[in-house]
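Coordinates in review
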Amino acid sequence: MNLSERDLKIIWHPYTQMQGSSAPVGIVRGEGSYLISEDGSRYLDMISSWWVNLHGHAHPYIADKVYRQLLTLEHAIFAGFTHEPAVQLGEMLLKVLPENTGKIFYSDNGSTAVEVALKMAVQYWHNKGISKPKIISFRNGYHGDTFGAMAVGDRGVFTKAFHDMLFEVVFVEVPTAGNEEAAINEFYNLIADNQDIAAFIFEPLVQGTAGMIMYSAAALDRMMNVCKQHNILTIADEVMTGFGRTGKMFAIDYLSTKPDIICMSKGITGGTMPLGVTACTREVYNAFLSDDRTKALFHGHSYTANATACAAAIASMELLLKQECQYQIFMISEMNKKFADKIKNHASVTDVRTMGTILAIELKTEAGTSYFSNLRDYLYNFFMTRKILMRPLGNIIYIIPPYCTTSDQLHTTYTAIEELLKTLNKNE
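Residues numbered from 1 in each chain as written. Predicted model: local features only at pLDDT ≥ 70, side-chain atom pairs only at ≥ 80, totals over all residues. Heavy atoms only, no water.

Some remarks on a nonpolar patch on the surface
Our working rule: What goes into a patch is any residue over 30% in relative accessible area without a salt bridge, connected to like charges within 9 Å or, for nonpolar side chains (Val, Leu, Ile, Met, Phe, Trp, Tyr), within 5 Å. Exposure was quantified through the Shrake-Rupley algorithm and a 1.4 Å probe, taking into account, for residues, occlusion by the shown protein chains and nothing else. Every case where a carboxyl oxygen of Asp or Glu lies within 4 Å of a side-chain nitrogen of Lys or Arg is listed as a salt bridge. Only DSSP runs of H or I with at least four residues qualify as helices, and only runs of E with at least two residues qualify as strands; both kinds are numbered from the N terminus onward.
Side chains of Tyr15, Trp50, Val157, Phe158, Tyr371 and Phe372 sit close together on the surface and give an oily, nonpolar patch of about 590 Å² of accessible area. Secondary-structure assignment places Tyr371 in the loop between strand S14 (358-363) and helix H12 (375-384).

Rendered as structure tokens:
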């Protein structure tokens, strides 16, 4: 019995309707941009295994640092104790985060990093004796699968069973190129009409799960500025966009206005293991300092600041800051732009979006754009038969590759996309 068959007997997979689903591909090894299956097939991982892998699979430098850390200290309780990897990683992060960032809070993953941010924001006002229970968020956003993260994300099929259990959120349109002024005016009006908003949370410049929807830094700057004028905290969810994905270290590096709270995860460890970080300004942190113990932030996890995960993150950061990695990010970004220009007028393409290492292609369908587009399975299987891992968001295909990806590997992917477009054009 192979790995896939054994899996089907016992495993429940994420985001999968298990009834009728095909057998999962059994992966036995990773190597650079490739995932290698038990039958020896090599799959180009063009989505960085759900956007987490920065430097390639089984990277020897990260592996060595993790190995050495495991021989020294695998984990220690982080209440009342600390350790070198947590302190060193915090120091490294504060050097690359905006200057107004002053404190680092560790958790386990992207969803919990968002939960921490939301609790920080609401309790910040509570500690000041001000009731501000509402959050403002973009429509169609995604911030995770825990309850707070679900509440500030899109109220759709993913969360339908839980709608009555989610707290109140004020939703606004994303200021994309076609509706920028209308969306910003709507934002201004909602803020003027709601005096009890604690914070504005957003995926900066790129909404990932929504279909890699992109919008301008200038528009986000305007929205953040009005928040500051109305004493509303701003929360940047950099879980997907952080650590070079948009071409800069963080998407907020394109902004003039800087957020009060920043959420990080996914690529922080180079895709090695889970780790979440919520960073905040000293002003936010200071609101929790008091002789009254009830004003402390009552949040924590058994694996908070896991020493092994922090060691992996330090190694990933060291690789990321090297000139070679920065060149790779630039190379991928430039190749994406050129390919986007090449296909943008194709008959089967509605829109092409690119920012940094992210390339998204919205394909024409009679039913319009939808996460549940019937085209999705055809697209997934089209690339899988060519040994390329893509995970379409409905009728939107995208690449967000590891930074070790070569120009030849990108050309292989682009060629497959062009083959797909020809196939779609013939079927029209």
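As for the sheet that holds strand S6 (residues 169-172)
Convention followed: Two strands make a pair as long as DSSP finds a minimum of two bridges between them. All axes are obtained by fitting lines to C-alpha atoms, using only the stretch in contact for helices, and the reported angles, taken between N-to-C directions, cover 0 to 180 degrees. Any two residues whose heavy atoms approach within 4.5 Å are treated as being in contact.
Taken together, seven strands build an open sheet; the order of strands is S4-S12-S11-S10-S7-S5-S6 and the sheet is mixed. Both outer strands of the open sheet, strand S4 (101-107) and S6, are each paired with one neighbouring strand and no more. Averaged over all neighbouring strand pairs, the angle between strand axes comes to 20°, with direction disregarded. Across six bridges, S4 lies against strand S12 (residues 276-281) in antiparallel orientation. From the neighbouring strand, Ile104 faces S12, where its bridge partner is Ala279. Those strands touched by helix H4 (residues 84-96) are S4, strand S11 (261-264) and S12, and its axis lies near 135° from that of S4.

Section: the state of the cysteines
Test applied: Defined by distance alone, a disulfide is two cysteine sulfur atoms within 2.5 Å.
For the structure shown, the criterion picks out zero disulfides. Between Cys227, a cysteine without a disulfide, and Cys263, which holds the nearest cysteine sulfur, the sulfur-to-sulfur distance is 15 Å.

Examining the sheet that holds strand S1 (residues 27-31)
Ordered in space as S1-S2-S3-S15, the four strands form an open sheet in which the pairing is mixed. Each of the sheet's edge strands pairs with one partner strand only, and the pair in question is S1 and strand S15 (388-389). Looking at chain direction, S1 and strand S2 (residues 34-37) are connected through four bridges and run antiparallel. Looking at S2, one finds that Glu31 is bridged to Tyr34.

Section: the pattern of salt bridges
Keep this limit in mind: Accessibility here uses a 1.4 Å probe with only protein chains present; expressed as a share of the type maximum, an area under 20% marks a residue as buried, one over 50% as exposed, and anything in between as partly exposed.
One pass over the full model with this rule turns up 16 salt bridges. With its nearest N and O atoms 3.6 Å apart, the salt bridge here joins Asp260 to Lys228. Residue Asp260 is located in the loop between strand S10 (233-237) and S11, and its partner Lys228 is located in helix H8 (residues 217-229); the two are separated by 32 residues in the primary sequence. A residue is classified by how much of its surface remains accessible, and Lys228, at 35% relative accessible area, is partly exposed. Residue Glu362 is joined to Arg353 by a salt bridge in which the shortest nitrogen-to-oxygen separation is 2.9 Å. Residues Glu362 and Arg353 agree in their burial class; the two are buried.

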